[in-house]
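# Observations on the model geometry
Letter by letter, the chains look like this.
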Amino acid sequence: MGMRGSPTGDLHFDNVKVPKENILLGEGAGAFVLMRGLNVERLLGSAMPVGIMQAVIDQSFPYAHERKQFGRPIGKFQLMQGKMAEMYSSLSACRAYLYTITNHECASLIMFVSDTCTKVALEGIQILGGNGYVNDYPVNRYMRDAKLMEIGAGTTEVRKIILGRYFNDYFLD
């Protein structure tokens, strides 16, 4: 559906022998190694929704000033100006959050920027109207890519569980 530049496929390993010196942290530590890397993946993955939001704005704001309705650009209508203001503010908030993040907040960051990215992408499609829905403009691809941000590196629901556990541990200690 999205992220066509990043194909997904199955890998199967049967009867593979790993030399002892290539086993990270010893036998049986695979889950720990994987989980340790997830925070880094979440942090790096949080930059993608910010980039997608910027691309949506770069596509939809000029369109709003090129597309005319009732003899004037649709970007001059108050409701459209409101959409654009919210999209820009959302992007700015996500960018600021990304630049100030600490390690334990990675699940919160990616949850927030991913959810916001999908909303901004949907508004971009709305600004382009029918043109946002068809494949003539890339904004619909941005929306599909944005949705993956809510699924990859742990779903939004998993991120909420992680945060809930963190808050319970924080307040119960």
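Preceding this paragraph is the structure being described.
An account of the accompanying structure is given in this report.

Parameters and conventions
Residues numbered from 1 in each chain as written. Predicted model: local features only at pLDDT ≥ 70, side-chain atom pairs only at ≥ 80, totals over all residues. Heavy atoms only, no water. Phe/Tyr/Trp six-rings, centres within 6.5 Å; stacked < 30°, edge-to-face > 60°. Helix = DSSP H or I, 4+ residues; strand = E, 2+ residues; numbered from the N terminus. Patch = residues over 30% accessible without salt bridge, like charges linked within 9 Å, V, L, I, M, F, W, Y side chains within 5 Å. Areas by Shrake-Rupley, 256 points an atom, 1.4 Å probe, with all protein chains shown as cover. Salt bridge = Lys/Arg side-chain N within 4 Å of Asp/Glu carboxyl O. Buried < 20%, exposed > 50% of the residue type's maximum accessible area, 1.4 Å probe, protein only. Axes fitted to C-alpha atoms, helices over the stretch in contact; angles between N-to-C directions. Parallel < 35°, antiparallel > 145°, perpendicular 65-115°, else oblique. Left-handed = near helix turned anticlockwise from the far one by under 90°. Contact = heavy atoms within 4.5 Å. Nonpolar A, V, L, I, M, F, W, Y, C, P; charged D, E, K, R; others polar.

### Details of the packing of aromatic side chains
- In total, this model carries four aromatic pairs according to the counting rule given.
- Judged by centre distance (5.6 Å) and plane angle (80°), the ring pair of Y63 and Y137 falls under edge-to-face. Taken as a pair, Y63 in helix 2 (residues 47–66) and Y137 in the loop between helix 5 (130–133) and helix 6 (139–149) lie far apart in primary sequence, 74 residues in all.

### Things to note about a nonpolar patch on the surface
- A grouping of L11, F13, V16, V18 and I23 is seen on the molecular surface, where their side chains present a nonpolar patch of about 520 Å² in accessible area.
- Following the sequence through the fold, F13 ends up in the segment before helix 1 (30–45).

### Regarding the environment of G71
- Looking at the secondary structure, you find G71 in the loop between strand 1 (68–69) and strand 2 (72–73).
- Given the relative accessible area of 74%, G71 is considered exposed.
- Sequence separation of G71 and S114 is 43 residues, and the distance between their C-alpha atoms is 37 Å.

### Some words on the packing of helix 2 against helix 6
- Put simply, helix 2 and helix 6 touch, their axes get as near as 10 Å, and they point 160° apart. The angle between helix 2 and helix 6 falls in the class roughly antiparallel. Between helix 2 and helix 6 the crossing geometry is left-handed. From helix 2, M48, P49, I52, A55, V56 and Q59 reach across to helix 6, where they touch V139, Y142, D145, A146 and M149.
- Class assignment for the residues of the contact of helix 2 with helix 6 results in nine nonpolar, one polar and one charged.

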